Amino acid sequence: MLRYAPVGAQALLMMRTWSYRDWSTALRNHYFSARSAGEPVLFLVDEDHLLEIHPSRSASEAAASLAEVVRGRMDFGHPNGEFHRVERDARRWRHGDSAAPDPLPLLALCVLAASWMGSGTVSTANYREHFCGLLDLPKTTLPPGYGLSVPQLWQYLHEWLEDLHGGSYGRSTIVKSAAQPWIGYALSQTLFLSADVARLADFFESIELAPGEDVDGPELLAYFRAWAPSHGLSKGARYMMDSDDHAPGLERILSGHARRWDGTRVPGSGERRSVIRVVVDPYPRLQVALAAPRGEGLPESPEVLAPDGRRVRMSSTSSHWYDSVPLPVEAGTLRHGASLQGAGFSLILRGGEVHVLRLDPQLGGWGSVPSVLVGERHWVLLADEVWERVRGWLFEHGGSECQEDERLARVLPRWHLVRDVVIERPPATPPPAGMACLSPSIQHRVALKGGLPLQRGGGAYLVGGPPDLWRPMIDEETIPARLVSNGQERDLPGEGLHLRLADLDPPLGHGEHVIQALGALRRSLTLVPSTRLKPPTVDRPEHRLAITTTGQVESHQPPGVGLATPEEVRVSGARVLGGAVAGVPPQPVLINRRARYAVVLGSRPGEREGVPSRPPAPSWMADLGLSDRFADFSPSFEPVWVIETWADAPRRRARAVSGQKPEAAVDDLDAVAAWAEELSEIDRVRARDEELWQQYVAVAEEIGT
Amino acid sequence: MTSEELLLQWASERGGGTWSEWKDVFRWATPAGRPFGPSLALRTFSMLGHVEIDWEASRWTVAPPVLTLLPDAGGHGLLTGARTGALRKRLDHELDHPDVLAHFVAQADAPDACLVGTGSGTALQELADWLEVPYEHSLGRRLAALLPDLDAMLVHRRSTPGIPDLGVEMFDAESGRWPPVEEDARPGLYRYERGWRKELRWKDDDGQPYHVDMALGAWCELRRLGRRSEIKWEPESVHGLLGVPVRFPAPALHARAAAMCSGLAPTREGRMLMYRNVPEDVAAAVASSLSQELVLVDAVRSEGVS
């Protein structure tokens, strides 16, 4: 369907007078200018664009003019094909001869013909009908030489954009089609419409693509294929998405726009779109506000059209945020959303019955975000209408710290605020309908998370501790994935967005494993067995205690920065190091409960204590099934010998508990004599204690004499 | 293998890490539905001598392995500190000493306790030599002799006031909860939102703020409120049960002194955490250092309902 626009008198003078060069210039200015630097460019020549390009403001007039100049360059009857001259000139142009005619008018005509296929079949016959019709040629066959020249011309355009100009006039989205080698080039430029390009902002927001984040084309395409079906794309875009043939072109479109994504730019246009955030400021009094980010390129003090029809001028004293948002902060606004329209940009508040908030120090409060992230703290605003339905689920799955903040009632009636919601893992029961934002994800990506990583950043994990596989849910379906290990493949169970690889049967053994998902995504991990007997050497923080000369603890420093002084006592785990610790008894000795009697001797003659009857074994040991073979005894001196008297032979048995040699006697003759007497009539001494024993016996004999 | 045992083996392989890494691994390793969070898990590992925590830097480090003799425990020793899978395997399959047997006792919400049964007075030292780890005795009493009191713990903690801009909560000692407040001028224990974590400040009656952790802050606040009968001790046949309220956790060294008397994590009974095999003198040292009067009870367990 051709369309017309009003035409001025001067413009009429320009009608039908355009030359081939006029068309080249106009097409180049419209599609391949410095404005498009770095951006994927679709050479989408359809009626809407012709209206903009040609001064007639008539699509039919423009089309006729375009066809006329192209026809004027054709070599009818030439043995090398009827597009020989165009191809010859284009070869020079592609290599930098700016005086040589470029092939843009002919290629534009190809795209126009492809765009007219409309809802008809995508076929050479359909295309030929329109292409030959434009050139007023017989429609039974494409012009001779088409198959030789036209694909080559597309290749020249691609090289001109990418190789000669490095993307400074736009990035090429031209891709060869194996299935349709003649018409596929033109077709690829018509499938993804401007409206589809503009929807990419929604797509990038849905996967929480951060500005500057590097995600490769195949992965982006995989997510796009999962996201797009329920998001109103054009028929052409859907066709492109479903066709492997067009995958490379679509990847280029996606990755090119992703590289330029700054969070506000609407791809394919000069328009910008910024998301207004709900902000809850908790101090000193709880307040709810709206904050509009002033992204790059947005004006400092724009005039905007508010929903009530008022024109309001906004201001920004900072470079990142507007000072205020001219929207009422009330229940209805949060529930239904709103937008502020400016010149070339819009500020949008997304409405809903739930707003998930995450702390944003830049905002000075808790700002709305698309959804919950695993393990992070969130606050959740819930509308009254859904409160009863959702609160139970939220308190069940939101962690032990979550609580309602009832102060909200006085600032935002008919809404509820739940603080400190932490969802650690996918809940057993999904959130209530319409609350998908409460379902935790890893930025809606395929990701490996958790496990027992042996180094920061993952990669290598302890055997038995592979990470979990997280997969976004798209239209309530889980993305399929498979596992490749040692050349063996297996499909991974496909229910739910979180799969515990540690639970697979058979379990993953040591070595490398690769997860493949959506055809293009690969995640690898390596499992390593434990071989280390001791932990790696690292700086170990210690408790540090300053002790006075009287043994009092003067100060304590918890583990952290700083080196201990030599006087300080340090505690690391179960070790006590350095300094002098008072009040600790000597090491206890173990007395066998089955012995009838026991006595303990020290290194000084006179140091002797009999062991009193032993208490029963503690009940906690019986609870654990531990034997009570021994009982502790702590003498008042450092013990050296334990001498036990048994009912059965050998009756008196001696064993050393220390290697301390004999020392000077105590000043108590009776005690010394008793000590010496214990060293006589011993029936058994352990072989390894014999040498020491003889030293003590010698001392005892000397005392005896 | 329990999730906590797995966590210990991983921590021992790593040697140390950030709080964020700990949370990630805890989340992965722990079954859903457990009321026991990563913070409590890390404190439990600390009290059992397995890790040290630098809360300021949000980092943890595994402690070196140590063998110790438990008091009046039938000659049983305890292997604490780092324990890799390979070390455990060595104890399970390669230990060939006639007088030594290693038992791994599974615990709820804690790694397995490695208790070592011995058949002689020197067996533990011999085992320590074989494992190439240090041997300590009377660990509970050593730590009890070193317990800092509240003032000693506050010496290096004088601080600037907390920053309330992102929100502040105040501890309610009665309920154990943290309701949000709109000012922080009064004495008390406050929790300030910082984004990646919450910072605590305890403010004394003179308005001096101190940068504290939950345990220190809670006991300082109890002292300020004049509550001095929170810690109980129930005698058993040998030693006794030390009861500390769940909502007022013991500081790291205090908890460790109590736990090292049995090598076991305290069990929860009602509103109390019960440490086993704690000698009365150790219990008294814990209580007095926290400005508490040790309450001797016949049945501490019944405290759970009071």
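Because the structure is a prediction, the values reported are computed rather than measured.

### Structural notes on helix α11 (residues 217-227) of chain A
All names here are of chain A.
Okay, step 1: Of all 11 residues in α11, 9 are buried; the element is thus mostly enclosed.
Okay, step 2: If you check which residues of α11 are buried, you get Gly 217, Glu 219, Leu 220, Leu 221, Ala 222, Tyr 223, Phe 224, Ala 226 and Trp 227.
Okay, step 3: Regarding α11, its N-cap is Asp 216, as a side-chain oxygen of that residue lies 3.0 Å from the backbone nitrogen of Glu 219 further along.

### With respect to the packing of aromatic side chains
To describe a pair of aromatic rings, one takes the distance between the centres and the angle between the planes.
All names here are of chain A.
Okay, step 1: In this structure the tally under the stated criterion is 34 aromatic pairs over all chains.
Okay, step 2: Ring geometry for Tyr 127 against Phe 131: centres 5.6 Å apart, planes inclined by 15°, an arrangement best described as stacked. Taken as a pair, Tyr 127 and Phe 131 lie in helix α7 (residues 124-134) at a separation of 4 residues, close to a single helical turn.
Okay, step 3: By relative accessible area, Tyr 127 is classed as buried at 0%.
Okay, step 4: Geometrically, the ring pair formed by Trp 641 and Tyr 696 is edge-to-face, given 5.7 Å between the ring centres and 80° between the ring planes. With Trp 641 in strand β33 (residues 639-645) and Tyr 696 in helix α18 (residues 690-704), this pair connects stretches of sequence that are 55 residues apart. Tyr 696 shares its class with Trp 641; the two are buried.
Okay, step 5: Through successive ring pairs, a cluster of aromatic residues spans Tyr 31, Phe 32, Phe 43, Trp 93, Trp 154, Trp 160, Tyr 169 and Tyr 185.

### Observations regarding the confidence of the model for chain B
Okay, step 1: Residues of chain B with pLDDT of at least 70 account for 95%, and the chain-wide mean is 90.
Okay, step 2: pLDDT under 50 marks residues 302-306 of chain B. Its contacts with residues more than four places away, or in other chains, come to 7 contacts.

### Observations concerning the sheet that holds strand β7 (residues 110-118) of chain B
All names here are of chain B.
Okay, step 1: A sheet is described by the order of its strands in space; here 5 strands give the open sequence β6-β7-β5-β4-β8, paired in mixed fashion. Strands with a single pairing partner mark the edges of an open sheet, and in this sheet they are β6 (100-107) and β8 (135-137). Neighbour to neighbour, the strand axes of the sheet diverge by 30° on average, direction disregarded.
Okay, step 2: Two elements, strand β4 (residues 66-69) and strand β5 (residues 77-80), share 4 bridges in a ladder whose sense is antiparallel. Counterpart to Leu 69 in the pairing with β5 is Gly 77.
Okay, step 3: Sitting on the sheet, helix α5 (residues 123-131) is in contact with β4, β5, β6, β7 and β8, with an inclination near 180° to β4.

### Remarks on the sheet that holds β33(A)
Residues and elements named next belong to chain A.
Okay, step 1: As summarised here, the arrangement of the 5 strands in space is β31-β30-β33-β34-β35, forming an open sheet in which the pairing is mixed. Strands at the two margins of the open sheet, each flanked by one partner only, are β31 (608-610) and β35 (684-685).
Okay, step 2: In the sheet, β33 pairs with strand β34 (residues 652-656) via 5 bridges, with the strands oriented antiparallel. Residue pairing in the sheet places Trp 641 in a bridge with Ala 656 of β34.
Okay, step 3: Sitting on the sheet, helix α17 (residues 669-678) touches β30 (597-602), β31, β33 and β34, and the angle it makes with β30 is about 115°.
Okay, step 4: Sheet strands touched by α18: β30, β33, β34 and β35. Its angle to β33, the strand with the most contacts, is close to 90°.

### A short note on the nonpolar core
Grouped burial of nonpolar side chains is what soluble globular proteins tend to show.
Okay, step 1: The biggest cluster of nonpolar side chains holds 100 residues, and the ones touching the most others in it are Phe43(A), Tyr127(A), Phe131(A), Trp154(A), Leu157(A) and Phe224(A).
Okay, step 2: In terms of residue count, the dominant contributor to this core is helix α6 (residues 104-115) of chain A (10 residues).
Okay, step 3: Non-local contacts of Trp154(A), meaning those with residues more than four positions away in its chain, are made with Phe43(A), Leu107(A), Cys110(A), Val111(A), Ile174(A), Tyr185(A), Ala186(A) and Gln189(A).
Okay, step 4: One finds Ala73(B), Leu200(B), Leu222(B) and Cys261(B) within the second-largest nonpolar core, a separate group that totals 64 residues.

### Quick notes on the pattern of salt bridges
Okay, step 1: The tally for this structure, following the rule as stated, stands at 71 salt bridges over all chains.
Okay, step 2: Linking Arg523(A) and Glu219(A) is a salt bridge whose minimum nitrogen-to-oxygen distance equals 2.8 Å. In this pair, Arg523(A) sits in strand β24 (residues 521-528) while Glu219(A) sits in helix α11, placing the two residues 304 residues apart along the sequence.
Okay, step 3: Residues Glu94(B) and Arg90(B) are paired through a salt bridge, measuring 3.5 Å at the closest nitrogen-oxygen approach.
Okay, step 4: Arg90(B) sits in the buried class, given a relative accessible area of 19%.

### Quick notes on the environment of Pro559(A)
Okay, step 1: Turning to its location among the elements, Pro559(A) is positioned in the loop between β26 (553-557) and β27 (569-572).
Okay, step 2: Spatially, the C-alpha atoms of Pro559(A) and Gly578(A) are 16 Å apart, while their sequence positions differ by 19 residues.
Okay, step 3: For Pro559(A), the contacting residues outside a window of four places in its chain are Pro541(A), Glu542(A), His543(A), Glu52(B), Ile53(B) and Asp54(B).

### Topic: the interface of chain B and chain A
Okay, step 1: Chain B puts 104 residues into the contact, and the matching count from chain A is 96 residues.
Okay, step 2: Interface area, chain B with chain A, both sides summed: about 7900 Å², of which 59% is carbon and sulfur.
Okay, step 3: Three residues stand out in chain B for area buried against chain A, namely Arg27(B), Trp28(B) and Glu182(B), and they jointly supply 11% of the buried area on that side.
Okay, step 4: The leading source of residues in the side of chain B that touches chain A is helix α2 (residues 19-29) of chain B, at 8 residues.

### Some remarks on the packing of α17(A) against α18(A)
Residue and element names in this part refer to chain A.
Okay, step 1: Close contact between α17 and α18 brings their axes to 9 Å; oriented N to C, the two are set at 130°. Accordingly, the angle class assigned to the pair α17 and α18 is oblique. Crossing of α17 against α18: the hand is left-handed. Together, Val 672, Trp 675 and Ala 676 of α17 and Tyr 696, Val 699, Ala 700 and Ile 703 of α18 make up the contact between the two elements.

### Details of the environment of Ser485(A)
Residue and element names in this part refer to chain A.
Okay, step 1: The residue Ser 485 is located in strand β20 (residues 481-485) in this model.
Okay, step 2: Residue class for Ser 485 comes out buried when judged on its relative accessible area of 11%.
Okay, step 3: Note: C-alpha distance between Ser 485 and Gly 511 (26 residues apart in sequence) is 8.0 Å.
Okay, step 4: Among residues more than four places away in sequence, those in contact with Ser 485 are Leu 508, Glu 512 and His 513.
Okay, step 5: There is a polar contact of 2.7 Å between the side chain of Ser 485 and the side chain of His 513.

### A word on the side chain of Asp112(B)
Residue and element names in this part refer to chain B.
Okay, step 1: Along the chain, Asp 112 turns up in strand β7.
Okay, step 2: Within polar-contact distance, the side chain of Asp 112 engages the side chain of Arg 88 at 2.6 Å.
Okay, step 3: Apart from the residues within four sequence positions on either side, Asp 112 is in contact with Thr 2, Glu 5, Arg 83, Arg 88, Phe 104, Val 105, Ala 106 and Gln 107.

### Considering the pairing of strand β9 (residues 345-349) of chain A
Residues and elements named next belong to chain A.
Okay, step 1: Burial runs high along β9: 4 of the 5 residues are buried.
Okay, step 2: Alignment of strand β3 (residues 272-275) against β9, held across 4 bridges, turns out to be parallel. Each bridged residue has a counterpart across the sheet, and for Arg 273 the counterpart in β9 is Ser 346.
Okay, step 3: For strand β8 (residues 338-342) and β9, the ladder comprises 5 bridges, and the chain directions are antiparallel. For Leu 340, the partnering residue across the bridge sits in β9 and is Leu 347.
Okay, step 4: A loop of 2 residues connects β8 with β9, the two strands running antiparallel in sequence, and Gly 344 in this loop sits at a positive phi of about 85°.

### Examining the pairing of strand β11 (residues 198-203) of chain B
Residues and elements named next belong to chain B.
Okay, step 1: Of all the 6 residues making up β11, 6 are buried; the element is thus mostly covered by neighbouring parts of the structure.
Okay, step 2: Neither face of β11 is left uncovered, since the one carrying Lys 198, Leu 200 and Trp 202 and the one carrying Glu 199, Arg 201 and Lys 203 both have all their residues buried.
Okay, step 3: In this structure, strand β10 (residues 188-193) lies alongside β11, joined through 6 bridges in antiparallel fashion. Within β11, the position partnered with Leu 189 by the bridge is Trp 202.
Okay, step 4: Where β10 hands over to β11, the hairpin turn is made up of 4 residues, of which Gly 195 adopts a positive phi near 100°.
Okay, step 5: In this antiparallel pair of consecutive strands, β11 and strand β12 (residues 209-212), the connection spans 5 residues, and Gly 207 shows a positive phi of 85°.

Definitions and limits used
Residues numbered from 1 in each chain as written. Chains lettered and ligands numbered in written order. Predicted model: local features only at pLDDT ≥ 70, side-chain atom pairs only at ≥ 80, totals over all residues. Heavy atoms only, no water. Buried < 20%, exposed > 50% of the residue type's maximum accessible area, 1.4 Å probe, protein only. Helix = DSSP H or I, 4+ residues; strand = E, 2+ residues; numbered from the N terminus. Polar contact = N/O pair within 3.5 Å; in protein donor to acceptor, adjacent residues only side chain to side chain. Phe/Tyr/Trp six-rings, centres within 6.5 Å; stacked < 30°, edge-to-face > 60°. pLDDT = per-residue confidence, 0-100. Contact = heavy atoms within 4.5 Å. Pairing = 2+ DSSP bridges. Axes fitted to C-alpha atoms, helices over the stretch in contact; angles between N-to-C directions. Core = buried A, V, L, I, M, F, W, Y, C linked by side-chain atoms within 4.5 Å. Salt bridge = Lys/Arg side-chain N within 4 Å of Asp/Glu carboxyl O. Buried area = accessible area lost by both parts, 1.4 Å probe. Parallel < 35°, antiparallel > 145°, perpendicular 65-115°, else oblique. Left-handed = near helix turned anticlockwise from the far one by under 90°.

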